[in-house]
Amino acid sequence: MNLREFILMAFEGLIAHRLRSALTVLGIVIGIFAVVTLMSLGDTVRRQVSGQISELGSGLLMVMPGRDDGGHGPGFIKMNLTLRDAERLKTINGVETVNANLTIPARAETNHNSLNVTLYGDTADFLQVQNYELAGGRFFQSSEVMAHRRVVLLGAKTKAQLFGNGDAEGHTIRLNGTTFQVIGTLKEKGRTLGHDRDQVVVAPVTVVQDISGFRNIGVIFVRADEPEKVSLIRERILSVLAKTHPQKDIQVFSQNDALKVSEKILGTLTTFLTCIASVSLAVGGIGIMNIMLVSVRERTREIGIRRALGATPNQVMAQFLLEALFLGAIGGVLGSLFSLVTINGLIFWAGWKTTGSWFSNISMEAFLLGILCATGIGLIFGLYPARQASRLDPISALRYE
Amino acid sequence: MEQPLIDIQGVGKDFPYGSQILRVLQGIDLQVRPGEALSIMGPSGSGKSTLMNIIGCMDRPSRGRYRLADQDVDELAERDLCKVRNRTIGFVFQSFHLLPRLTAWRNVEIPMLYGGVSTEDRRERSKDLLERVGLGHRLHHRPNELSGGERQRVGIARALALEPALILADEPTGNLDQRTGKDILRLFSTLHREGKTIIVVTHDPDVARWADRIITIKDGRLV
C-alpha cells in the first residue's frame, strides 16, 4: 500500500465528516492566523519604525528628560529642558543645528471648520530635522521665534480640512483660542504608527509655550555636522548640560540608540503577543486531538473490519495520523493565506509605503513556519488518537456497536 | 496422504473471568483438507466463535498447535498474522461488515489495498468479482442502497479478493430471510465446486447441512 492510497483514504475519512472536519480546521486557522499575523505585523511595524528613525539621519541626537544611565525607573518623567539649554548647546563645536521642540495636542479652528491637530512648537530648522518639505509659503525664522510671533505652518491634511482647495497663506486660524497667521503649508508625509503626520500645525516653540502654559520644552534635537562625531558631541552635550542639570536628569539618544530601543521594545512586544497567540494554536491542536478521539471511537467497527481484512496496526495508525496531519496542514495553509490578505489590507489602510509585492509584507518565515507548525501540531495531537486506533483489539472492535 | 489445510491439535483457550479463569475451549483436534466444505455447529456460548477467531487468526490459542497452510500460526508475529488474514483467509460476516461510506466496488478493493495490488489491477479484479457474484449492475452502490442479500454478495466478493485458501463464514445467513439465505448458500456451493475450502460457522442445523461434514461443538469441546 503506497502513500498515495493512504492520502486518498485519509481524505475520504475527512470528507465523510465535512462539517466536523471544517470546524476542527477552523480552530487551527484561527491559531495560525493570529500567530502569523502578529509575527508579520510586528516585523512590518519594526521595519517602518526603523525606516523612519533612519530617515532622521545618522548625525542626529535627541536630548530628553530622564536618567542618563539608560535606566527607565518608575514614575513620571518631568519636562526639565529649557530654551536656555537649547541655546547653550548651539555653542558646542561641531554642532550644525539645534532644535527645541514642545509638542502638544490642539484644536485648530477657522470661522467655518475645526479640527484636532498635533501642534509642534519648534525652531527654525524644523523642516530639515523632521524631514518635512514646504508646499507653499515660507518657514518662520529664528528672529520670529525669539519675538514670539504668532505664525503657523499647516500640515497637508490640516490645510485641506480647514481651507479646502483654497489658499491658506495670509489667512488666520485659532489654536486653542489664540489667533495665528498662516505663513506656509507642508507637503504630504503619510502616517507613522497610526499617527497622522499630516494632521499637524507647526508654530514657534516660544508661542506654543505661551499658549500651553509650559515653561520648559520636551525635547532638543541636535544635529552633528559629521555623523562620525556623534559620540563625541554626546559627551559634550552632557558636560554642557551638567551645569544646569547637576542631578543628571537628562539623557541623550543618538539615532542608533533610538533604533536599538525601538527594535528591543517592538521585538519584545511581538514575541509576547505571538506567545499569547500560540495559546490559541494549542487550543486548536487539542481540538484536533478531541475530534480524532471521537472519530476513532465512532469508527471502531471500521477499524475492526480493516484489521480483519489484513490491515496491520501500523497501517491503521498511518490512516488516522494522516487525517490529523491534513486537518492541521489545511488549517495552516488557510490561516496563513487569510493572514496574508489581512496584513496587506492593514498596510493598505494604514497607508504605509511597501516594496510592492504581496509576499514582501508578510514575514516569509512566519508564513512557512505557520504552515509547518500547523502540520506539526496535527501530527503531534494526532499521535495519541492514532495510536489508540492501532491498538484496538480486532475482535472486540468488530463487535463494537 | 494430502497435507491438511488446517491442522489443529489439542487447542485450548482460556479467558480471565474476574479472579477465575474460564476455559472456553479444551482439547480441540481438527483437520480440514483443501477443498472441503465444513460446518461448525453449536449453540451460542459453546465456544464456536472463539474457535472461529482462532481459525481466522484473529486470536491465538492458549494451548495446543495450529498449522494453517503449512505455517505454524502460533509462531507468527502480529505483522505476519495480518498478512495471513489478508492473503490466506477470506472472512464473510453475519452483519456483512461493509464500510458504509464506500461503494460496493471500493469495498471489494479493501483487502487488495492492504495486499499491495496496484490500483488498476484492483479496479479490474474488484469489478470481475462483483460480476461473478451477480452484482455487475451494482458497482457504484453504497451498502445502504443494497438489499441484505446483495450486501452479503459484496461481502463474499470481498472475501474472494486475494484468492484465499480458506473462506471463513460466520453465520453468513443469520441476517437474511430464508430464501436469500438459500441463495447465499448456493453461491457457496458454486465456490466449493470451483475448489474453494469453505468453513461455515452456524447454530442453525438447516444451514449446517449444506456442508460435506458437520462438526458440533459443545461446552468448549468437539462432540
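Residues numbered from 1 in each chain as written. Chains lettered and ligands numbered in written order. Predicted model: local features only at pLDDT ≥ 70, side-chain atom pairs only at ≥ 80, totals over all residues. Heavy atoms only, no water.

A. Representation of a negative patch on the surface. Residue and element names in this part refer to chain B. Together, Glu-120, Asp-121, Glu-124 and Asp-128 make up a negatively charged patch on the protein surface. With respect to the element layout, Glu-124 can be found in helix α4 (residues 119-132). Relative accessible area serves as the criterion here: at 52%, Glu-124 is assigned to the exposed category. (Patch = residues over 30% accessible without salt bridge, like charges linked within 9 Å, V, L, I, M, F, W, Y side chains within 5 Å. Areas by Shrake-Rupley, 256 points an atom, 1.4 Å probe, with all protein chains shown as cover. Salt bridge = Lys/Arg side-chain N within 4 Å of Asp/Glu carboxyl O. Lys, Arg positive; Asp, Glu negative; His and termini not counted. Charge placed at Lys NZ, Arg CZ, Asp CG, Glu CD. Helix = DSSP H or I, 4+ residues; strand = E, 2+ residues; numbered from the N terminus. Buried < 20%, exposed > 50% of the residue type's maximum accessible area, 1.4 Å probe, protein only.)

B. Representation of the nonpolar core in the model. Of all hydrophobic cores here, the largest spans 75 residues; its most connected members are Ile6(B), Ile8(B), Ile40(B), Ile55(B), Tyr66(B), Leu68(B) and Ile199(B). A total of nine residues in this core trace back to one element, the largest contributor, which is helix α11 (residues 313-350) of chain A. Ile40(B) has contacts with Lys48(B), Leu51(B), Ile55(B), Ile199(B), Val200(B), Val201(B), Thr202(B), Ile215(B) and Ile217(B), leaving out every residue within four places of it along the chain. Grouped together as the second largest cluster of nonpolar side chains are 55 residues, Leu153(A), Leu186(A), Val208(A) and Ile217(A) included. (Core = buried A, V, L, I, M, F, W, Y, C linked by side-chain atoms within 4.5 Å. Contact = heavy atoms within 4.5 Å.)

C. Layout of the domain arrangement of chain A. The assigned domain composition of chain A is domain 1 (3-53 + 261-399) and domain 2 (96-226). One C-alpha centre belongs to domain 1 of chain A, the other to domain 2 of chain A, and the line joining them spans 51 Å. (Domains from an automatic or database assignment.)

D. Local environment of the packing of aromatic side chains. Residue and element names in this part refer to chain A. Applying the stated criterion across every chain yields a total of eight aromatic pairs over all chains. Between Phe-11 and Phe-326, the ring centres sit 4.6 Å apart and the planes meet at 25°, which makes this aromatic pair stacked. Note that Phe-11 is positioned in helix α1 (residues 3-16) and Phe-326 in helix α11, a separation of 315 residues in sequence. For Phe-11, a relative accessible area of 33% corresponds to the partly exposed category. Looking at Phe-326, the relative accessible area reads 13%, which means it is buried. Summarising the aromatic geometry, the rings of Phe-139 and Phe-140 are spaced 4.3 Å apart at their centres and angled 35° between planes, so their arrangement reads as tilted. Classification of Phe-139 by relative accessible area gives buried; the value is 10%. One aromatic cluster is present, built from ring pairs that chain together Tyr-120, Phe-126, Tyr-132, Phe-139 and Phe-140. (Phe/Tyr/Trp six-rings, centres within 6.5 Å; stacked < 30°, edge-to-face > 60°.)

E. Layout of the layout of surface pockets. In this structure, the second largest pocket encloses a volume near 560 Å³. What lines the second largest pocket is a set of 25 residues, and nearest its centre among them are Arg399(A), Ser49(B), Met52(B), Gln94(B) and Asp170(B). Elements with a contribution of two residues or more to the lining of the second largest pocket: α14 (394-399) of chain A together with α1 (48-55) of chain B. Looking at which element gives the most residues to the lining of the second largest pocket, the answer is α1(B), with five residues. Looking at side-chain class alone, the lining of the second largest pocket contains eight nonpolar, eleven polar and six charged residues. (1 Å grid on protein atoms, 1.4 Å probe; cavity = no way out; pocket = protein on both sides within 12 Å on 5 of 7 lines; lining within 4 Å. Points joined across faces, edges and corners; volume = space filled by probe spheres on them. Nonpolar A, V, L, I, M, F, W, Y, C, P; charged D, E, K, R; others polar.)

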